[in-house]
Every structure is written in structure tokens, then in C-alpha cells.
Amino acid sequence: MNVQHPLEAFTLVFAWMQYETIWEVLTGTGIAYIPFLVFLVQAFSDAYTGMEAKAGSKRSVHAMELRIAMALSVVVLAAQPMIELQTSVLEYEDPCGANTDPADTPYHDVFDQQLTPAQVPPWWYGTLAIGTGITGAAIEQLGCPEDYVQTRLDFDRQRINDEQVAAEVEQFVEDCFIPARSRYQRERPDVDPILDDYGEDDPQYIGSYVYLNTYYQRYQASQPVEGWPYEEQRSGAYYDDNHPPPHGRPYCHEWWTGNADVGLDGPGLRERILEQMEPGFWDRLDEVRMAFGADEQEVQDAMIQRIIQNEASSAPIASADLVATEETAGQALHERVFSTAAVGLGTAWYDMVEHGPMMYTIRSVAPMIQAFLLMGIIMLLPFLLIVSLYSWQTVFVATFGIVLIKVWDYLWSVSIWLEENMVKAMHPDMTSYLGASTVGNLTSPDGGTQGTMLMIITGLLHIGLPLIFTTLMGWGGYKALNQINAASSSTTGSVQNAGTRSGQGAINEGRKQANI
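All figures in this text were calculated on a predicted structure; none of them were measured in a lab. (Residues numbered from 1 in each chain as written. Predicted model: local features only at pLDDT ≥ 70, side-chain atom pairs only at ≥ 80, totals over all residues. Heavy atoms only, no water.)

Observations concerning the overall build of the chain
Part 1: Scanning the chain from N- to C-terminus turns up 19 helices and 5 strands.
Part 2: In the chain, which comprises 516 residues, the proportion classed as buried is 41%.
Part 3: Of all intrachain contacts in the chain linking residues separated by at least 6 positions in sequence, the fraction that spans at least 24 positions is 79%.
Part 4: Split by element, the accessible area of the chain, about 27,500 Å² in all, is 59% carbon and sulfur. (Helix = DSSP H or I, 4+ residues; strand = E, 2+ residues; numbered from the N terminus. Buried < 20%, exposed > 50% of the residue type's maximum accessible area, 1.4 Å probe, protein only. Contact = heavy atoms within 4.5 Å. Areas by Shrake-Rupley, 256 points an atom, 1.4 Å probe, with all protein chains shown as cover.)

Here's the deal with the state of the cysteines
Part 1: Taken as a whole, this structure holds 1 disulfide when the rule is applied.
Part 2: Here Cys176 connects covalently by a disulfide to Cys252, the sulfurs 2.0 Å from one another. Residues Cys176 and Cys252 are joined by a disulfide whose S-S torsion is about -85°; by sign, that bridge is left-handed. Of this pair, Cys176 sits in helix α7 (residues 163-187) while Cys252 sits in helix α11 (residues 252-257), placing them 76 residues apart in sequence. (Disulfide = S-S within 2.5 Å.)

Examining a negative patch on the surface
Part 1: A contiguous patch of negative charge, built from Asp190, Asp192, Asp196, Asp197, Glu200 and Asp201, is present on the exposed surface.
Part 2: For Asp196, the location among the structural elements is in helix α8 (residues 192-198). (Patch = residues over 30% accessible without salt bridge, like charges linked within 9 Å, V, L, I, M, F, W, Y side chains within 5 Å. Salt bridge = Lys/Arg side-chain N within 4 Å of Asp/Glu carboxyl O. Lys, Arg positive; Asp, Glu negative; His and termini not counted. Charge placed at Lys NZ, Arg CZ, Asp CG, Glu CD.)

Some remarks on the environment of Trp16
Part 1: Relative to the helices and strands, Trp16 resides in helix α1 (residues 6-28).
Part 2: A relative accessible area of 0% means that Trp16 is categorised as buried.
Part 3: Taking the C-alpha atoms as reference, Trp16 lies 9.9 Å from Leu381; in sequence the two are 365 residues apart.

Description of the packing of aromatic side chains
Part 1: A complete count under the given rule lists 18 aromatic pairs for this structure.
Part 2: Taking 5.1 Å as the distance between ring centres and 65° as the angle between the ring planes, the aromatic pair formed by Trp16 and Tyr19 counts as edge-to-face. Of this pair, Trp16 and Tyr19 both sit in helix α1, separated by 3 residues, roughly a single helical turn.
Part 3: A ring pair is formed by Tyr205 and Trp256, whose centres lie 6.2 Å apart and whose planes are at 85°; its orientation type is edge-to-face. (Phe/Tyr/Trp six-rings, centres within 6.5 Å; stacked < 30°, edge-to-face > 60°.)

Overview of the environment of Gln42
Part 1: Here Gln42 is to be found in helix α2 (residues 34-49).
Part 2: Remark: the alpha-carbon pair of Gln42 and Met64, spanning 22 residues in sequence, is separated by 8.1 Å.
Part 3: A polar contact is formed between the side chain of Gln42 and the side chain of Arg67, at a distance of 2.2 Å. (Polar contact = N/O pair within 3.5 Å; in protein donor to acceptor, adjacent residues only side chain to side chain.)

A few points about a nonpolar patch on the surface
Part 1: Together, Val76, Leu77, Met82 and Ile83 make up an exposed nonpolar region whose accessible area comes to about 300 Å².
Part 2: Among the secondary structure elements, Ile83 is positioned in strand β2 (residues 83-85).

Re α1
Part 1: A rise of 1.5 Å per residue sets the reference length of α1, with its 23 residues, at 33 Å; its end C-alpha atoms lie 34 Å apart and thus fit the reference within 8%.
Part 2: Where α1 ends, the next residue or the one after it, Gly30, has phi of about 90°, a positive value. (Expected span 1.5 Å × (residues − 1).)

So, unusual backbone geometry
Part 1: Positive phi values are uncommon outside glycine, yet Arg188 reaches one of about 45°.
Part 2: Inspection of the secondary structure assignment puts Arg188 in the loop between α7 and α8.
Part 3: One non-glycine residue, Leu389, adopts positive backbone phi at about 60°.
Part 4: Judged by relative accessible area, Leu389 falls into the partly exposed class, the value being 24%.

Digging into the pattern of salt bridges
Part 1: Following the criterion strictly, the structure yields 7 salt bridges and no others.
Part 2: In this structure, the salt-bridge partner of Glu168 is Arg272, at a minimum N-O distance of 2.5 Å. Residue Glu168 is found in helix α7, and its partner Arg272 is found in helix α12 (residues 269-274); the two are separated by 104 residues along the sequence. In terms of burial, Glu168 and Arg272 fall into one category: buried.

Re the packing of helix α5 (residues 122-142) against helix α17 (residues 392-426)
Part 1: Running from amino to carboxyl end, α5 crosses α17 at an angle of 20°, the nearest separation of the two axes being 9 Å. Judged by the angle between their axes, α5 and α17 are roughly parallel. You can see that α5 and α17 cross each other, and the crossing is right-handed.
Part 2: Split by residue class, the contact of α5 with α17 holds 16 nonpolar, 6 polar and 2 charged. (Axes fitted to C-alpha atoms, helices over the stretch in contact; angles between N-to-C directions. Parallel < 35°, antiparallel > 145°, perpendicular 65-115°, else oblique. Left-handed = near helix turned anticlockwise from the far one by under 90°. Nonpolar A, V, L, I, M, F, W, Y, C, P; charged D, E, K, R; others polar.)

Things to note about the confidence of the model for the chain
Part 1: When pLDDT is averaged along the chain, the result is 76; 73% of the residues meet or exceed 70.
Part 2: Contacts of residues 312-355 to residues separated by more than four positions or lying in other chains number 67 contacts, the stretch itself having pLDDT below 50. (pLDDT = per-residue confidence, 0-100.)

Thoughts on the packing of helix α6 (residues 148-157) against helix α14 (residues 296-309)
Part 1: Orientation of α6 relative to α14, taken along the N-to-C sense of each, is 55°, at an axis distance of 8 Å. The pairing of α6 with α14 is recorded here as oblique in orientation. On α14, the residues touching Arg152, Phe155 and Asp156 of α6 are Ala302, Met303 and Arg306.
Part 2: A per-class count over the contact of α6 with α14 returns 3 nonpolar, no polar and 3 charged.

The following block contains the structure:
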């Protein structure tokens, strides 16, 4: 049997363990047999208070026999635990078709030691199997959409975790980017062909192709950079030729790319920044890139920009006051770092609370809520069966409710499919997708409009759609039960009236014959 979330494999077994415990308590104390006593009392009461003592007694006995037989069928099929269920026979199959053994999930180490195989009544075992089968078949037809939302959130979460790389980025900004950008603002060279290829925002990028082809070839590191060999021609003469410094001072363009014009190679800062990505993230981002048909280098540049923007030391990159003279461009570095970091923290806090992470949390937590809700219903089934006097009508209502909750997973899959495709529809190219705003981020081109739209869509689909569906199905089920009860009452009343008329007719005919 499949489950719809790895956690459900454990909550399901736990729920049936509790069901077993409660059922044993109820049968051991005799509470489970109270409905049969009720049947006997009702049959005696109907016979005693009936107008026709002999016929009423016979009718009451038949009614009692029928009710006891129906109640026993409920006990055997829907109350008495029979079929063994354990976590080893449960599997989770995600929409992309990968099967997951519950033993390979983090829940196993915590829950499995507390769980033992449970017994399940045949009716409910079949109900769970049918509900899961219907939902799984429907979800399979949707296919496996690209995970644009999660990839986008992971894209925003990338950071420079290596302190040495972070320090080197800050040094590159101060030695290369600030002087180059200041000089570019003053001189405004003719670089239209480069801007046509890489966009008007290229000069705001630390690895700007405008600067790589112009000013980065003139500026170099002010201090030796680890990994670059010492070379007197560009690092300057050293007073002790027998003990030269361990590292040299590369020019900015070779420092960034890692390829030196004089045949000396060092660690390129561009590649070192890309190496800071979380393991496996580039593979997911590369799949999205191919879906958009984007260039790999373009995506890598966007990735570098986002990583650097997420660091406090990258504040000057987006700061408007970088337009300064070459001599004074770096004097306010620390002040700009502080102010931009403060603004960034405020925006990031708002985004963390109001946008993607919270909305994606809804997607992640919904199946877990479903698992706990099913657990609660299953645990309380013994009480429901006894209170309803082992009524098949109650069994059908509970069955309908369990299957309905199972179908929620299909509704969430539809919501995810729509959300993922809405993301791609709103961002027709990779640049727009990677530069998409988070809610409330007024620094984005659209002022957060698209992010707000997606937040509303996510909330309505993941919460509203199951709510509306459950309400409509509940109303439909209520109306159907009323119609069945009305039809049953009408049929019973007609049969009773027909029997009364037939009996009265027979009595009248007998009286006539007697008079003759």
C-alpha cells in the first residue's frame, strides 16, 4: 500500500495501534456489546407497546434479528482488527515516480522504535487502499512539473560560506570594482556592443564584461592574493630575491577569470564563488535553465550576482553612491556596507515571513496535516461505531470522509502544477525568472507585484480549493442521505399501508362469509 507522505507511513500504523488498544478496552469492559443490549430492549419495547401483541411480537423479533445481523456484519468487517499493517509494507511514491522506503526517511529513527505491527479491520484497509489508489492514479496523469518555486527559493538562499572567499570578494570589490565603476561613470566609454550582448545593467555586476574588456586590465590587487604565484613584472621588485613573497598580485581581469596573460594561472574568483553553491543545487538549476533554453554562462553570472548580493560585503555593488572619484570611491565602503546590510536584513525578514518560504511551507506542511488528521479519525472510529449502534450508514459516512481527505492530495498536486506553470508563464525567460521579485521587495523592477500575485494564488489553491471541495461534497452527501432516508421511509410506509389494507380486507371478507 502506498502513502501520500513519508510521515503518513508512521502515523497510519500508530493510529491503528491506538485503534486496537481502544477496541480491546471497549470489548474488555463490555461497552462494545451495549448496542446489542439496546436492540433487545427496543424489540421488547416495540412488542409490549404494540397494538397487536402476537403480530407485534413476531415483527419485533424479525426486526431485532435483522438489526443484530447488520450490526454483526459491521463488527466483523469494520470493527474487528484482522489484517496486519506495518511500516515495511508502506511506500511513498512522489509525483515524479520515485518510490521511497519509510526506513530511509528521518522519521524512521524516531517513530519506528515505538511502533509495532497493527491490525486493521478489512473494511478500512480496503478504504485506505481504494482512496490511495484513486488519488495516485489521478496524480500520475498530471505528470511531474518542473520545481520552479523551490529552485527559485534555493537560488535566493545561496551564500558564501567560506570566509576566505568572502574576504577575497570584498578585496576585489575595493581594489577592482569600485575604481572601475567610478572611472566608467566619469568617462562613459563607447561600449555599446558589449552592452547589447550583456544588457544595460552589466556595469553594476562585479564581473562586468565591460570592465573585463577595459578597466580590469589596468587595475590589480593592492595586496597579494593567495594562490597566485609571485611575478616581479606585475607584483613589483622584492628586496630579498632569495625569499620572494608566497603570493603575487594579479590584474583584475585575470584575478576574476583565473587565466593570466603572461602564462601564470591562479584560482579564478568567479569559479570560487560558484563553488559556494549548495551541493546538488546547480544540477536542479541547470534543469530549469534547459527548460527556459537559457545560456549557461548567463545563468552562472546571475547566480554570482545573487550570491554576492546576499553578503553584507557586497553592499557597494548595488549602492548608488559608487559614482565617485577614483581617489575617494572606497572611503565610505564600511558605511555603505552597514547601511545596505541593515536595509537588506529588513527586506529579507519581510520576504522570509511574507513570501516564498511561508507559501512553500504551506505546500510542505499540508500533507503532514492530512496524515495527522487521518490518524485522529482512525483512532476515534471505535467510539463512532459504538455510538452509532454499528450502523452501516455511519460506516459509509466515515468511509466517504476518509476517501475525501485522501483526495486532498490530488487537489494539492493540481495546485502545485498550476503554481509551477504560473511561475513560468509570468517569467518567460531565465533572466526574468532569476530576477523575480520577492513579496514586498521594492527594489525589484515590478515592486513585488508578481510575487504578491503568486502568494495569493498559492494561498487560494492550497487552502481554499480543498476547503471548497470538502464543503461541496459534504453538502452533496447530506442531500443524498436525506433522499435515501425519504425514499426508505416512503417505501416502508407504503408497504405498511398495503399490508394494513390487505389484512383489513381479509378480515372484512371473513366477516361477510360468517354472516352468510
